[in-house]
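Below, each chain spelled out in residue letters.
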Number of protein chains: 2
Amino acid sequence: MSLRIALLGLLSAVGPASGYDLAKKFDRSLNHVWQAGHTQIYPELVKMASDGLVEAEAEGARGRKLYTITPEGRRELREWLAEHDPAMTIRSEGALQAFLLPLLSRDQAIKVVERIKAGYQVRLARLECKPAEGEFGGYARSLGLAQARTGIQWADETLAELKARTDL
Amino acid sequence: MSLRIALLGLLSAVGPASGYDLAKKFDRSLNHVWQAGHTQIYPELVKMASDGLVEAEAEGARGRKLYTITPEGRRELREWLAEHDPAMTIRSEGALQAFLLPLLSRDQAIKVVERIKAGYQVRLARLECKPAEGEFGGYARSLGLAQARTGIQWADETLAELKARTDL
DNA sequence: ACTAACATGTAAAGCGTTACATGATTTG
DNA sequence: CAAATCATGTAACGCTTTACATGTTAGT
């Protein structure tokens with residue numbers, strides 16, 4: 001469902017687009033929120049078209065297919081945004097490593113936390129150098145920035161605690 | 001892979017356990033990091049046994065099967081923790097709703113943000129009233145607490161901004 | 001001519017959720 | 001004896017990733 005919603009949202013925000021365009025948007029502006037490659041997007045657009053949520057215009061240059069959101073697509077999008085209680089489930093390999101930290105020696109734990117920190121720093125850097133983008137997605141951007149900074153702060157505190165230890 | 005690692009980690013931390021036990025641990029202590037129900041855990045344990053990562057002891061009361069981590073299982077776990085660069089990918093319906101906020105009217109956006117905030121509050125409450133648990137998982141717990149508080153703070157700031165608006 | 005970017009797809013395998021199904025033991 | 005909890009599993013479906021496969025256009 002969320003893939004559909006994300007595609008409808010992009011089509012609603014930026015107007016008609018091809019699967020290729022949408023895959024790029026996913027990679028560039030939506031990547032801190034949801035991920036999908038073109039292999040998932042192309043078939044989904046076909047299904048959405050057969051469900052009447054989008055319409056494919058005639059092919060353009062290089063076999064390019066432009067999709068437009070339909071009124072029914074807009075309705076579906078609005079309804080999901082208005083009614084759907086968002087699942088707050090997290091699946092984070094970084095958090096899993098954090099969970100298992102006590103299984104490691106002090107030195108190994110430090111290395112692991114430094115790697116987790118590096119991951120948050122990469123995310124922070126990507127979000128920081130990606131402003132504007134038509135301003136769309138700004139709320140999610142500020143949420144992502146805050147979460148990344150929180151992760152870095154957690155890593156710093158955890159590193160300080162681990163380094164203060166004298167036991168193994 | 002992560003499901004395997006989580007199971008190996010639990011078996012390594014708490015000793016021999018049944019699939020049922022592990023499912024409970026997932027639900028109670030690991031749920032802010034990774035999720036899996038018994039329908040995923042039982043078959044995975046069978047596969048892990050055939051891969052030599054765990055060993056099933058004879059059945060106990062009520063058909064209960066106790067699994068123990070093997071030396072090879074410990075090696076796999078250690079290697080993953082030491083070498084694996086954790087994927088920092090996020091898939092969050094809440095963040096997706098945040099991303100699409102500009103598509104909504106001021107009033108609808110406020111409702112959506114309040115729902116997102118409620119989700120973070122539930123997560124915060126669950127983590128707060130779940131201390132100890134053998135102290136294992138404490139690092140992930142503090143990370144989860146910090147992330148939940150960050151989410152609530154973002155929601156409050158966003159609500160303040162939205163409410164300050166006079167336009168639709 | 002070559003390379004990079006454009007542009008679309010299919011297939012297989014793996015991961016995850018939901019629904020279905022069964023039976024034993026404990027507690028009230 | 002009824003209900004809750006213990007305990008295990010299968011099957012179908014849907015979502016996601018990886019690998020394969022093809023052809024066009026623009027710039028150097």
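Because the structure is a prediction, the values reported are computed rather than measured.

*Asks:* I keep staring at the pattern of salt bridges and nothing clicks. Help me out?
*Replies:* In a structure, side chains of opposite charge can pair up when their charged atoms sit close to one another. Evaluated as defined, the whole model comprises 18 salt bridges over all chains. Across the salt bridge formed by E161 of chain A and R165 of chain A, the nearest N and O atoms sit 3.5 Å from each other. In this structure, K163 of chain B and E114 of chain B form a salt bridge, with 3.8 Å as the shortest nitrogen-oxygen distance. Pair noted here: K163 of chain B is in helix α7 (residues 138–164) and E114 of chain B is in helix α6 (residues 106–128), with a separation of 49 residues, a long-range link. Relative accessible area serves as the criterion here: at 36%, E114 of chain B is assigned to the partly exposed category. Each of the salt bridges in this network shares a partner with another, and the network as a whole consists of R4, E44, K47 and D51 of chain A.

*Asks:* Please clarify how the relation of the copies chain A and chain B should be interpreted in this entry.
*Replies:* Mapping one chain copy onto the other needs a rotation about an axis and a shift along that axis. Rotating chain A by 180° and moving it 0.0 Å along the rotation axis overlays it on chain B with an RMSD of 0.1 Å. The symmetry that links the two subunits is that of a two-fold axis. Closest approach to the rotation axis among the C-alpha atoms of chain A is made by Q147 of chain A, whose C-alpha sits 3.1 Å away. A high fraction, 100%, of the interface residues of chain A reappear at the interface in chain B, so the copies pair face to face through one surface.

*Asks:* Honestly, the domain arrangement of chain A in this entry has me stumped. Any pointers?
*Replies:* Where interface size is given, it is often the accessible area lost as the parts come together that is meant. Residues and elements named next belong to chain A. On domain assignment, one finds that chain A holds domain 1 (2–83) and domain 2 (93–164). Distance between the C-alpha centres of domain 1 and domain 2: 30 Å. At the interface, six residues of domain 1 touch seven residues of domain 2. Of the roughly 540 Å² buried where domain 1 meets domain 2, counting both sides, 69% is carbon and sulfur surface. Viewed at the interface, domain 2 and domain 1 are joined by zero salt bridges. Where domain 1 packs against domain 2, one counts zero residue pairs in polar contact (both at pLDDT 80 or more). Here the residues of the side of domain 1 that touches domain 2 are counted per class, giving two nonpolar, three polar and one charged.

*Asks:* I keep staring at the interface of chain A and chain B and nothing clicks. Help me out?
*Replies:* Counting from both sides, the interface comprises 61 residues of chain A and, opposite them, 61 residues of chain B. At the boundary of chain A with chain B, total buried surface from both sides reaches about 6,200 Å², with 64% on carbon and sulfur atoms. The largest contributions to the chain A side of the interface with chain B come from E93, F99 and Y139 of chain A, which together make up 15% of the buried area. Here chain A is connected to chain B by zero salt bridges.

*Asks:* I keep staring at the protein's contact with DNA strand D and nothing clicks. Help me out?
*Replies:* Among the 16 residues in the neighbourhood of DNA strand D, the closest are listed as Q40 of chain A together with Y20, T39, Y42 and K65 of chain B. The contact atoms of DNA strand D, taken as those within 4 Å of the protein, divide so that sugar and phosphate hold 70%. In the environment of DNA strand D, a phosphate oxygen lies 2.9 Å from a nitrogen or oxygen atom belonging to the side chain of Y42 of chain B. Within the residue set of the surface near DNA strand D, elements represented by two or more residues are α3 (38–50) of chain A together with α2 (19–28) and α3 (38–50) of chain B. With three residues, α3 of chain B is the single largest residue contributor to the surface near DNA strand D.

*Asks:* Help me understand the packing of aromatic side chains in this model?
*Replies:* Each aromatic ring pair is characterised by the separation of its centres together with the angle its planes make. Applying the stated criterion to the full structure yields two aromatic pairs over all chains. Judged by centre distance (5.4 Å) and plane angle (90°), the ring pair of F99 of chain A and F136 of chain B falls under edge-to-face. Taken as a pair, F99 of chain A in helix α5 (residues 93–99) and F136 of chain B in the loop between α6 and α7 lie in two separate chains rather than in one. In this pair, the class of F99 of chain A matches that of F136 of chain B, namely buried. We note R91 of chain A situated over the ring of W34 of chain B; from NZ or CZ to the ring centre the distance is 5.6 Å.

*Asks:* Got a minute to help me understand the UniProt feature "domain: Transcription regulator PadR N-terminal" (unreviewed entry) in chain A in this structure?
*Replies:* Under the UniProt annotation, the feature "domain: Transcription regulator PadR N-terminal" (unreviewed entry) is placed at residues 7–79 of chain A. Counted over residues 7–79 of chain A, helix gives 55% and strand 15%. Its end C-alpha atoms are 15 Å apart.

Rules and cut-offs
Residues numbered from 1 in each chain as written. Chains lettered and ligands numbered in written order. Predicted model: local features only at pLDDT ≥ 70, side-chain atom pairs only at ≥ 80, totals over all residues. Heavy atoms only, no water. Salt bridge = Lys/Arg side-chain N within 4 Å of Asp/Glu carboxyl O. Helix = DSSP H or I, 4+ residues; strand = E, 2+ residues; numbered from the N terminus. Buried < 20%, exposed > 50% of the residue type's maximum accessible area, 1.4 Å probe, protein only. Least-squares fit on C-alpha atoms with pLDDT ≥ 70 in both. Contact = heavy atoms within 4.5 Å. Domains from an automatic or database assignment. Buried area = accessible area lost by both parts, 1.4 Å probe. Polar contact = N/O pair within 3.5 Å; in protein donor to acceptor, adjacent residues only side chain to side chain. Nonpolar A, V, L, I, M, F, W, Y, C, P; charged D, E, K, R; others polar. Near = heavy atom within 4 Å. Phe/Tyr/Trp six-rings, centres within 6.5 Å; stacked < 30°, edge-to-face > 60°. Lys NZ or Arg CZ within 6 Å of the ring centre and 35° of its normal. UniProt positions renumbered as here; feature names shortened; annotations may be inferred.

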